[in-house]
Amino acid sequence: QVQLVESGGGLVQAGGSLRLSCAASGRTFSSYHMGWFRQAPGKEREFVAAIRWSGGSTSYADSVKGRFTISRDNAKNTVYLQMNSLKPEDTAVYYCAAALRRFMDDLPRSLTRYDYWGQGTQVTVST
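Small disclaimer: the values here were computed from a predicted structure and weren't measured.

Looking only at helices and strands, the protein chain features zero helices and 11 strands. With the C-alpha coordinates aligned to their principal axes, the bounding extent of the protein chain is approximately 45 × 25 × 25 Å. Classification of the 127 residues of the protein chain by burial places 45% in the buried group. Carbon and sulfur atoms provide 48% of the accessible area of the protein chain, an area that totals close to 6500 Å². With 15 positive and 10 negative side-chain charges, the protein chain shows a spacing of 4 Å between the two charge centroids.

To continue, consider the packing of aromatic side chains. By the definition in use, this model includes five aromatic pairs. Measuring from centroid to centroid gives 5.7 Å for Phe37 and Phe47, while their planes differ by 75 degrees, and the two rings are edge-to-face. Of this pair, Phe37 sits in strand 4 (residues 32–39) while Phe47 sits in strand 5 (residues 46–51), placing them 10 residues apart in sequence. In this structure, Arg72 packs its charged tip against the face of Phe29, placed 4.4 Å from the ring centre. Taking the ring centre of Trp53 as reference, the NZ or CZ of Arg101 above it sits at 3.8 Å.

On to the state of the cysteines, then. Scanning the entire structure with this criterion turns up one disulfide. A sulfur-sulfur separation of 2.0 Å characterises the disulfide bridge that pairs Cys22 with Cys96. Residues Cys22 and Cys96 are joined through a disulfide that is left-handed, its torsion about the S-S bond being -70 degrees. Here Cys96 lies in strand 9 (residues 92–100) and Cys22 lies in strand 3 (residues 18–26), a separation of 74 residues in the sequence.

A few words now on the pairing of strand 1 (residues 2–7). Residues of strand 1 alternate between two faces, with Val2, Leu4 and Glu6 buried on one and Gln3, Val5 and Ser7 left unburied on the opposite face. Note: strand 1 against strand 3, six bridges, orientation antiparallel. Residue pairing for strand 3: Gln3 is matched across the bridge by Ser25.

For the rest of this paragraph, the subject is the environment of Ser71. Position of Ser71 relative to the elements: it lies in strand 7 (residues 68–73). Given the relative accessible area of 29%, Ser71 is considered partly exposed. Ignoring anything within four residues of it in the chain, the contact list for Ser71 reads Ile51, Val79 and Tyr80.

One number sums up the size of the largest pocket: a volume of about 180 Å³. As for the largest pocket, its lining consists of 13 residues, and the residues nearest its centre are Arg38, Ala40, Lys43, Glu46 and Glu89. For the lining of the largest pocket, the residue count by class is two nonpolar, three polar and eight charged.

Attention now goes to unusual backbone geometry. In this structure, Asn77 takes a positive phi of about 55 degrees despite not being glycine. Mapped onto the elements, Asn77 comes out in the loop between strand 7 and strand 8 (78–83). Given a relative accessible area of 26%, Asn77 falls into the partly exposed group.

Now for the pattern of salt bridges. One pass over the full model with this rule turns up six salt bridges. Asp90 is paired through a salt bridge with Arg67; the nearest N and O atoms lie 2.7 Å apart. Linking Asp90 in the loop between strand 8 and strand 9 with Arg67 in the loop between strand 6 (58–60) and strand 7, this pair joins segments that are 23 residues apart in sequence. With a closest N to O distance of 2.7 Å, Arg113 and Asp105 form a salt bridge. Judged on exposure class, the residue Arg113 and its partner Asp105 are both buried. Each of Arg38, Glu46, Arg67 and Asp90 takes part in one network of salt bridges that share partners.

Procedures and definitions
- Within each chain, residues carry numbers counting from 1 in the order of the written sequence.
- Owing to the predicted nature of the model, reporting of local features is limited to residues with pLDDT of at least 70; listing and counting of side-chain atom pairs is limited to 80 or more, with chain, interface and lining totals taken over all residues.
- Based on all heavy atoms of the structure, the side-chain values leave hydrogens and waters out of the count.
- For helices the rule is a DSSP run of H or I covering at least 4 residues; for strands it is a run of E covering at least 2, with both sets numbered from the N terminus onward.
- The cut-offs for exposure are 20% and 50% of the maximum accessible area for each residue type, with area from a 1.4 Å probe on protein chains only; residues under the lower value are buried, those over the upper are exposed, and the others partly exposed.
- In these tables, accessible area is a Shrake-Rupley quantity obtained with a 1.4 Å probe, and a residue counts as shielded only by the protein chains included in the view.
- Only four residue types enter the charge count: Lys and Arg as positive, Asp and Glu as negative, with His and the chain ends excluded.
- The location of each charge is read from NZ of Lys, CZ of Arg, CG of Asp or CD of Glu.
- Note on ring pairs: Phe, Tyr and Trp rings are taken, using the six-membered ring of Trp, and paired if centres are within 6.5 Å. Classes follow the plane angle, with under 30 degrees stacked, over 60 edge-to-face and the rest tilted.
- Here, over-ring charges are defined by two tests on the NZ atom of lysine or the CZ atom of arginine: distance to the ring centre within 6 Å, and angle to the ring normal within 35 degrees.
- Defined by distance alone, a disulfide is two cysteine sulfur atoms within 2.5 Å.
- Any two strands with at least two DSSP-identified bridges between them are counted as paired.
- Every residue pair with non-hydrogen atoms within 4.5 Å of one another is taken to be in contact.
- Only protein atoms enter the 1 Å grid, on which a cavity is a set of points fitting a 1.4 Å probe that cannot get out and a pocket is an open set with protein on both sides within 12 Å along at least 5 of 7 lines, lining residues being those with an atom within 4 Å of a point.
- Grid points are joined across faces, edges and corners, and a volume is the space filled by probe spheres set on the points.
- Each residue is assigned to one of three groups, with Ala, Val, Leu, Ile, Met, Phe, Trp, Tyr, Cys and Pro labelled nonpolar, Asp, Glu, Lys and Arg labelled charged, and all others, Gly among them, labelled polar.
- Think of a salt bridge as a Lys or Arg side-chain nitrogen and an Asp or Glu carboxyl oxygen that are within 4 Å of each other.

In structure tokens:
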């Protein structure tokens, strides 16, 4: 079992920045690829970013590429999402998720690939 706790959400003006953190406890953190997803009111949960268990590769949704950066610190069992140049359309609940790594697998972008989820943290971007 893996427990994930997000923090760092809040209210920010358009153009501003926020840094989300996700602290993991339980089984070995480095056994998991980590991802960030978000869900806006009335919309489906969508992929934002993912990072390989080793930190060696990352993947981003087109809507956030160049503005958001995912990183991880395996010594601290923590994954981060640095969000810059925020837009009102980035407003959503942001979720951290963990996917157990498999032999030679691709970095997962699908919700169904992830095994554990955090409770979410609200990000609101005002105009």
